[in-house]
Amino acid sequence: TEIYTLSLHDALPISPAMQLLAENLKHPTHQFWRDNIDLGQALRYSDRKLTGHQQVTDAYLLGLASHHRGKLATFDRGVGSVAGKARLTVELIS
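Presented here is an overview of the structure given in this document. (Residues numbered from 1 in each chain as written. Predicted model: local features only at pLDDT ≥ 70, side-chain atom pairs only at ≥ 80, totals over all residues. Heavy atoms only, no water.)

### Quick notes on the overall build of the chain
Phase 1: Counting its secondary structure elements, the chain contains four helices and two strands.
Phase 2: Helices (α) and strands (β) of the chain occur, in sequence order from the N terminus, as α-α-α-β-α-β.
Phase 3: Residues classed as buried in the chain amount to 30% of the 94 residues present.
Phase 4: Contacts in the chain between residues far apart in sequence, at least 24 positions, make up 47% of those at least 6 positions apart.
Phase 5: Total accessible area on the chain stands at roughly 7,000 Å², and carbon and sulfur atoms take up 55% of it. (Helix = DSSP H or I, 4+ residues; strand = E, 2+ residues; numbered from the N terminus. Buried < 20%, exposed > 50% of the residue type's maximum accessible area, 1.4 Å probe, protein only. Contact = heavy atoms within 4.5 Å. Areas by Shrake-Rupley, 256 points an atom, 1.4 Å probe, with all protein chains shown as cover.)

### Brief notes about the nonpolar core
Phase 1: Within the largest apolar cluster, seven residues are counted, these being Leu62, Ala65, Leu72, Val79, Val82, Ala83 and Val90.
Phase 2: Listing elements by their share of this core, those giving two or more residues are helix H3 (55-67) and helix H4 (80-83).
Phase 3: If we ignore the near neighbours within four places in the chain, the residues touching Leu72 are Leu61, Leu62, Ala65, Val79, Thr89, Val90 and Glu91. (Core = buried A, V, L, I, M, F, W, Y, C linked by side-chain atoms within 4.5 Å.)

### Focus on unusual backbone geometry
Phase 1: In this model, Arg69 sits at a positive phi of 55 degrees, which is unusual for a non-glycine residue.
Phase 2: Along the chain, Arg69 falls in the loop between H3 and strand S1 (72-74).
Phase 3: When its relative accessible area of 80% is taken as the criterion, Arg69 is described as exposed.

Written out as structure tokens, the structure is:
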């Protein structure tokens, strides 16, 4: 089984997108990570200062991925600006 990714140019209507998500969730290597660390714990994984409120979610998701020794897959190239020492935790999708 493969995990399928799409670029922004391949945007799907909602029904096929939900089907694709359901298929990816069934992948044998898929793991659900509860958001069970607080923001303070998450920020320990980054050595960068946050400069705006938009970066809080990015920093939290990076910290969560680092905490679980995983990767954050994202289309957002701006996530790298908060990654700092957690840069290896980011997988940019293009």
